[in-house]
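For reference, the chains in residue letters:
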Amino acid sequence: MTRIHEPIRVLAVCGSLRQESYNRRLLQGAALVAPAGMSVHLHDTIADIPMFDEDVACSPAQLPHGVQRLRDAAVNADGLLIATPEYNQSLPGVLKNTIDWLSRPTDDGIDVLERTPVAIVGATTGPWGTRLAQAQLRQALTATGSFVLPAPMLFVRDASHVFDTAVGCYDADTLGKLRNVLAAFREWITLLPRLRQLESPADG
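Each value, and the rule that gives it
Residues numbered from 1 in each chain as written. Predicted model: local features only at pLDDT ≥ 70, side-chain atom pairs only at ≥ 80, totals over all residues. Heavy atoms only, no water. 1 Å grid on protein atoms, 1.4 Å probe; cavity = no way out; pocket = protein on both sides within 12 Å on 5 of 7 lines; lining within 4 Å. Points joined across faces, edges and corners; volume = space filled by probe spheres on them. Helix = DSSP H or I, 4+ residues; strand = E, 2+ residues; numbered from the N terminus. Nonpolar A, V, L, I, M, F, W, Y, C, P; charged D, E, K, R; others polar. Buried < 20%, exposed > 50% of the residue type's maximum accessible area, 1.4 Å probe, protein only. Pairing = 2+ DSSP bridges. Right-handed = clockwise from strand over helix to strand, strands pointing away. Phe/Tyr/Trp six-rings, centres within 6.5 Å; stacked < 30°, edge-to-face > 60°.

Peer 1: Can you explain empty space enclosed by the protein? Please cite residues and give values.
Peer 2: With the rule as written, the count across this model stands at 2 cavities of 30 Å³ or more. Computed from the structure, the second largest cavity encloses a volume of approximately 30 Å³. If you trace the second largest cavity, you find it lined by V13, L80, I82, L95, T98, I99 and L102. Going through the elements one at a time, β3 (79-83) and α4 (93-102) are the ones with two or more residues in the lining of the second largest cavity.

Written as structure tokens, this is what we have:
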């Protein structure tokens with residue numbers, strides 16, 4: 001991803017398959033509070049991504065439709081915003097599976113995740129706010145060469161108490177923290193191309 005769109009285009013991916021999950025709701029909230037100069041687009045589902053199969057991954061012409069359309073969406077974005085739940089103190093298998101698929105280069109040699117800006121958030125009904133799941137996701141994305149936003153972090157705990165079902169939105173405090181994450185992510189995305197230029201060898 002070398003060209004930045006105007007406004008900055010962020011692809012939001014939910015690590016839960018449940019359509020009314022708190023993490024999907026969190027990403028919907030992100031689209032509402034995105035700062036000026038940024039648009040957030042929610043990928044509809046990762047339910048159509050099969051279990052990772054390296055035999056299939058090594059044959060780009062045979063890629064499953066769900067994998068191909070997510071790759072296409074990611075290639076056309078300036079950054080990824082991932083919301084993860086936490087199951088049994090760990091990263092959901094469906095989300096790790098999705099990362100494994102995206103970590104393989106496309107048939108034209110494009111590495112979807114390498115050097116791509118990524119921000120991580122998460123919501124859970126439990127008291128820990130997806131801290132362990134986010135740490136594991138951050139580790140996996142580091143292995144793929146992604147540029148993960150270091151801070152601020154957002155761990156939404158007791159989601160059932162801070163999500164207002166009457167209006168279908170999180171409370172003002174949660175949305176304010178989410179707004180701060182997105183503002184930092186906007187700066188992160190715009191900063192990275194300049195860092196890449198500094199990394200490039202000088203002419204001559």
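Peer 1: Talk me through the layout of surface pockets; I want residue IDs and the actual numbers.
Peer 2: Taken as a whole, the largest pocket encloses approximately 310 Å³ of empty space. Lining the largest pocket we find 17 residues, and of these L154, F155, V156, R157 and K177 sit closest to its centre. Taken together, the elements giving at least two residues each to the lining of the largest pocket come down to β6 (154-156) and α7 (172-199). Of the residues belonging to the lining of the largest pocket, the class tally is 8 nonpolar, 3 polar and 6 charged.

Peer 1: Report on the pairing of strand β1 (residues 8-14), specifying residues and quantitative values.
Peer 2: With 6 of 7 residues buried, β1 lies mostly within the body of the structure. Two elements, β1 and strand β2 (residues 38-42), share 5 bridges in a ladder whose sense is parallel. Looking at β2, one finds that R9 is bridged to S39. With helix α1 (residues 22-33) bridging β1 and the parallel β2, this β-α-β connection has right-handed handedness.

Peer 1: Mind laying out the packing of aromatic side chains, listing which residues take part and the relevant values?
Peer 2: All told, the structure shown has 3 aromatic pairs when counted by the stated rule. On the basis of an interplanar angle of 75° and a centroid distance of 5.1 Å, the ring pair of F52 and W101 is categorised as edge-to-face. On the criterion of sequence distance, the pair formed by F52 in the loop between β2 and α2 (54-57) and W101 in helix α4 is long-range, its members being 49 residues apart. Given a relative accessible area of 24%, F52 falls into the partly exposed group. For W101, a relative accessible area of 1% translates into the label buried.

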